[in-house]
Each structure stands twice: as C-alpha cells, then as structure tokens.
Amino acid sequence: MKNSKTELFETMPVGKALLTMAIPTIISQLITMIYNLADTFFIGMSNDPYKVAAASIVSILFFMLNALSNLFGVGGGSLLSRLLGEKNEAEAKRVGAFSIYGSFAIAAAYSLICLLFTEQLARLLGASDNTVGYASSYLFWVVVVGGIPSTIGVTMSHLLRSAGYSKESGFGLALGGVSNIILDPLFMFVILPEGNEVTGAALATMVSNTITLVYFLLVYKKLGNTSVLTISPKFAHLEKERIKEILSIGLPSAITALLANLTAIIKNNLTADYGDIELAAYGIVMKADMLPLNIGMGLCQGMMPLVAYNYASKNYVRMRSFTRTAQIYGMAMAAIFIVVFEIFSPQIIWLFIRDESTIAFGKDFLRIACLATPFMISNFQKIYCLQAMGKGKESLILGLFRQGIFAIPILIIMNSLVGLYGVVAAQLISDGCTFVIATLLYNKVYNSLQKEINTVKNN
C-alpha cells in the first residue's frame, strides 16, 4: 500500500481517519438511496399502476444481487483489511482477486436461474396476467443481463474501501446512481417508444451499473502495483481455510440482507390489510427513514476496514478508539434525526404527498418509527465491528436475532395485539431487544481482549 494508506490506518487522528473513510461512503449511500427510488418515480409518471406494480414485484430479485455481493464483498473485504493489518500483502492480494471471481461465478449462476425461470419467478412473487410481461422484461435486463456487472461492481467497491480507497469506492457507486437518474427519463421517454417505460427503466439501471463496473476496472488498472488490489486471475487461488474465512463473514451478511427483504415484505402485507391510505403513509415513512439508515450504514462501512486492520495488527487501543468514536457520531446523528422527525413530521410527509388523511397517519407513524434510530445504528455498528474482527458466528447470531428471531415474530404479535400502530412500533421493539443481545455479545468479545488492551496501555 501507499504510505498515505498506511498512515490512514495506523497514525492519522482517529476522528479524521473515520471521517475520511465514512464521508465518501455516506454520500454514495445517499445517492444510491435516491436512485433506488428513481425507477419507481419515473415509471409512476406513466400513470399505469400495472407498470409500477411490476417493477415493485421483481425488485426483491434485484436486491438479491446486493446480498450476493455481500457474500464476497463484505467477507473478502473484512479478511483483506485484517491481512493488511498483519502486513501479509501477498495473501491480501489473493483474497481480493478470489473475491472478484467468486462474485462473478455466483452472479452468473443467479442470472442463469433467473433467465431459465423468468416468468415462474415473477408469478411466484405475485405477478398477474396484467403485470407478468412488464415484470419479466424488468427482470431480464436488470438481473439476467445486468446481474454480473452489478454484483461485481458492488464487490469491488467493498474491496476498494477495505484497502483504504473509500473516496474511489464512494465515487464509483455515486457515479452509477447519478447515471441511472439521468438515463431513466432518456430511455423511458426519448429512446424507447411509448409503452416501454418499464423496459427503459431496466435498461437505465443495467447501463448505469455497467458504468460503475467500468470505472472500478479503470481504478484498479490505475492503482497497478501500488495496491494489493488486482483483477488478474493468476492471484485468484486460495486455500480452503481462507475461503472459509471469507464465507464465515460474507454468509451472515448475505443472510441478514435476505431476511431484511423478507421482513419488509411482511411489514407491507400487514399494513396493506388496513387500507391504501395507511399503506401509502407507512410507505412514505419507510422512505423517510431510509435517510438515517443509509447515513448509519455509510458510517459503519467506513469504520469497518479501520477496525479490521487495527484488530489484526493488535493495536486494540486504536481499534477501540474507532468503535467509540463511531458510536459517538452515530448517537449524535440519531439524536438530531429524532428531534427533526418529531418536530417536523407533518412537513416531511407533506413533501411526498399533499393528501390530508395520509399526512395525518404519516406524521404519527414517523414519530414512532424514528425512535428506533439509535438502537438501529448501535446494532449496525456492533454487527460491523464483529465482522471486522472476523467473528462470523457472532455477527450471524445478531443478524438472525434482529431480522428473524425478533423482527418477524414481533411484527405478527404487535399486529395482533395493537393493530396498525403495533406494526409501526414493531421495529422499535425488535431493535431494542436486539440492542440488549448485541451489547451482551459485543461486551463478551471485548472483555476477552481487555487484558491485552490494558497491557498495551500500561506499556
């Protein structure tokens, strides 16, 4: 690595190093959030509910690509940072190369499955005779054709960040997001004839993800021998134990992402039973809640390589300084969002819709939902710290508790006992319960390091 990257991990002031890694990631997360909403927004301009429904139906299959990219991006990135901390750059190079080709293989397999069973998958997710054609077209271009560049691009962004190139990682993802926002109306309303809005949105997403991949390939080429990052297949061979280390972190991350999608589906279905206005209001709240969620995720992703590197180099004092600083930043941000959402909830809902009934429900929903923010961010930080330290079993336990053991049963129970407002409050309760488990597990891991931390301090 360049000396500047070594300085970032080892000697740069903790707050500055964390912000150096986190700010580009947060910006890219926010742009990605906007572009994830862009397809729905522009397809909605067609005023055809079947087209909107079709894109929404198959979106879960597109989000599956993120889960697949986490398998090698998060797993490989965590191991790569730890190997750099151990000064084992040769092995880090092999881990990075293997992660890219592993990501390619699993994305290719997934795309092939979607090609062979396009209509069956669309109908399984709820497509009707009115929507299956639109859904199949969207699935073909976004996942079948665009699945490989999308998955590899996200994997490469994780690896770049893990090697200290957070700015390049964030810019690449942001480039794809901005490209998608620009290309959506171009493909939908200019290039393709009327009636092909869904296909146009899918093409825009596929092309923008390909642009991101091309940018990352150029970054890798520019870095050359100054970095451990490479796409050369001759470095892609790994011993079985190393592959297990990658999967021990990547698999929990992928499973957690899948469970999060499942939880969102159940939440939407439960809310839909109470009426269209209530569903619209809660849908808006979930979109507003994406802002602190994405900022919190960006902070955690920026923190993760710094924790992994210093954990592996046994600089536990600096490692713990990063986790504590990230906690302070995260809680300060959560407090700001709670104050803003509690005071300005009617105005925030009004930005999305002018209907008074929807605003009436939405402002109440938002005031309840925002209370989960500090627990949510704290849980994310603990999970990412455990992943950074290579604690795959512990991170899997927390992921299963948060999205499976707590979230889904609590949703069903609160819906039965309290009704609509119980569904809204379920996130607060499930993240609060997860916070207790996460703190106990997190402290147990840290207590095992405390003796070494104290020894380093005394020396």
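Residues numbered from 1 in each chain as written. Predicted model: local features only at pLDDT ≥ 70, side-chain atom pairs only at ≥ 80, totals over all residues. Heavy atoms only, no water.

(A) Spatial organisation of the pattern of salt bridges. Going through the model one piece at a time under the given rule, you end up with ten salt bridges. Here R123 and D129 are joined by a salt bridge, their closest N and O atoms 2.9 Å apart. By relative accessible area, which is 64% here, D129 ends up exposed. The salt bridge involving E245 is made with R242; its shortest N-O contact spans 3.0 Å. Taken as a pair, E245 and R242 lie in helix α10 (residues 240–272) at a separation of three residues, close to a single helical turn. By relative accessible area, which is 26% here, E245 ends up partly exposed. Through salt bridges with shared partners, a single network forms among R82, E91, R94, R242 and E245. (Salt bridge = Lys/Arg side-chain N within 4 Å of Asp/Glu carboxyl O. Buried < 20%, exposed > 50% of the residue type's maximum accessible area, 1.4 Å probe, protein only. Helix = DSSP H or I, 4+ residues; strand = E, 2+ residues; numbered from the N terminus.)

(B) The arrangement of a nonpolar patch on the surface in detail. Together, L112, I113, L115, L116, F117, F140 and V145 make up a nonpolar patch on the protein surface, roughly 610 Å² of accessible area in all. Those elements that provide at least two residues to the nonpolar patch are α4 (89–116) and α6 (132–145). The dominant element in the nonpolar patch, judged by the number of residues it contributes, is α4, at four residues. Note that F117 resides in the loop between α4 and α5 (118–124). Judged by its relative accessible area of 40%, F117 is partly exposed. (Patch = residues over 30% accessible without salt bridge, like charges linked within 9 Å, V, L, I, M, F, W, Y side chains within 5 Å. Areas by Shrake-Rupley, 256 points an atom, 1.4 Å probe, with all protein chains shown as cover.)

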